[in-house]
Amino acid sequence: NLVPAVRNRQLFVSCGPFVRFSAVDDAGDEVGLGGRVATDNEGKVTFRVRVEAPAWIGVKEVRLWENGKPIDLIDVSDSLDPVVRLDTELSVAPVDDAWYAIEVIGQGTLAPVRNDTPYALTNPIEVDADGDGEWTPPGNKNP
């Protein structure tokens, strides 16, 4: 049933690339799309990012988004692996509660299947930066 995954924001949109995106909590467990994780005792969160695509699909870059702004860009256009274009961990140290997502930008087209450019975008993972057990969306902070 697809409805629970939609309601829980555990999906990603893809025109070609397959994306795995998770955060690692203090216990070392992975928190997936639509989930929430608190920063560690150093105020950081580690994300695991894996991008795969068939060899005939061009993948140019992977972007980490924080609250609607790209904060990290990884060029994967010269990946030596024809399938696994990126398999890495990224760390962030948010000052306030934030959401993070991964965007994959392709190159070329999906021909002969379609004439579209390869692309993928994940649903967000929320980060509780102040450790209060709540997540306050950006822009909703009290002055």
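It should be noted that the structure appears before, not after, this text.
This text gives an overview of the structure that appears in the document. Predicted model, so just to flag it, every value in this text is computed and none were measured.

**Regarding the overall build of the protein**
Okay, step 1: Secondary structure summary: the protein contains one helix and 11 strands in total.
Okay, step 2: When the elements of the protein are put in sequence order from the N terminus, they spell out α-β-β-β-β-β-β-β-β-β-β-β.
Okay, step 3: Computed over the C-alpha atoms, the radius of gyration of the protein is 16 Å, within 12% of the 15 Å expected from 2.2 N^0.38 for a compact globule of 143 residues.
Okay, step 4: Seen along its three principal axes, the alpha-carbon backbone of the protein occupies a region of about 50 × 35 × 30 Å.
Okay, step 5: Taking all 143 residues of the protein together, the buried fraction comes to 38%.
Okay, step 6: Taking the contacts inside the protein whose residues are at least 6 apart along the sequence as the reference set, 69% of them involve residues at least 24 apart.
Okay, step 7: If you sum the accessible surface of the protein, you get close to 8,100 Å²; carbon and sulfur atoms cover 49% of it.
Okay, step 8: For the protein, the distance from the average position of its 13 positive side-chain charges to the average position of its 24 negative side-chain charges is 7 Å.

**What to know about the sheet that holds strand 3 (residues 30–31)**
What holds strands together in a sheet is hydrogen bonding between their backbones, with the strands either parallel or antiparallel.
Okay, step 1: Read from one edge of the open sheet, four strands run 3-2-5-8, paired in antiparallel fashion. This sheet does not close on itself; its edge strands, each paired only once, are strand 3 and strand 8 (84–92).
Okay, step 2: Sheet analysis places strand 2 (residues 18–24) next to strand 3, joined by two bridges and oriented antiparallel. Within strand 3, the position partnered with Val24 by the bridge is Glu30.

Procedures and definitions
Residues numbered from 1 in each chain as written. Predicted model: local features only at pLDDT ≥ 70, side-chain atom pairs only at ≥ 80, totals over all residues. Heavy atoms only, no water. Helix = DSSP H or I, 4+ residues; strand = E, 2+ residues; numbered from the N terminus. Rg over C-alpha atoms; globule rule 2.2 N^0.38 Å. Buried < 20%, exposed > 50% of the residue type's maximum accessible area, 1.4 Å probe, protein only. Contact = heavy atoms within 4.5 Å. Areas by Shrake-Rupley, 256 points an atom, 1.4 Å probe, with all protein chains shown as cover. Lys, Arg positive; Asp, Glu negative; His and termini not counted. Charge placed at Lys NZ, Arg CZ, Asp CG, Glu CD. Pairing = 2+ DSSP bridges.

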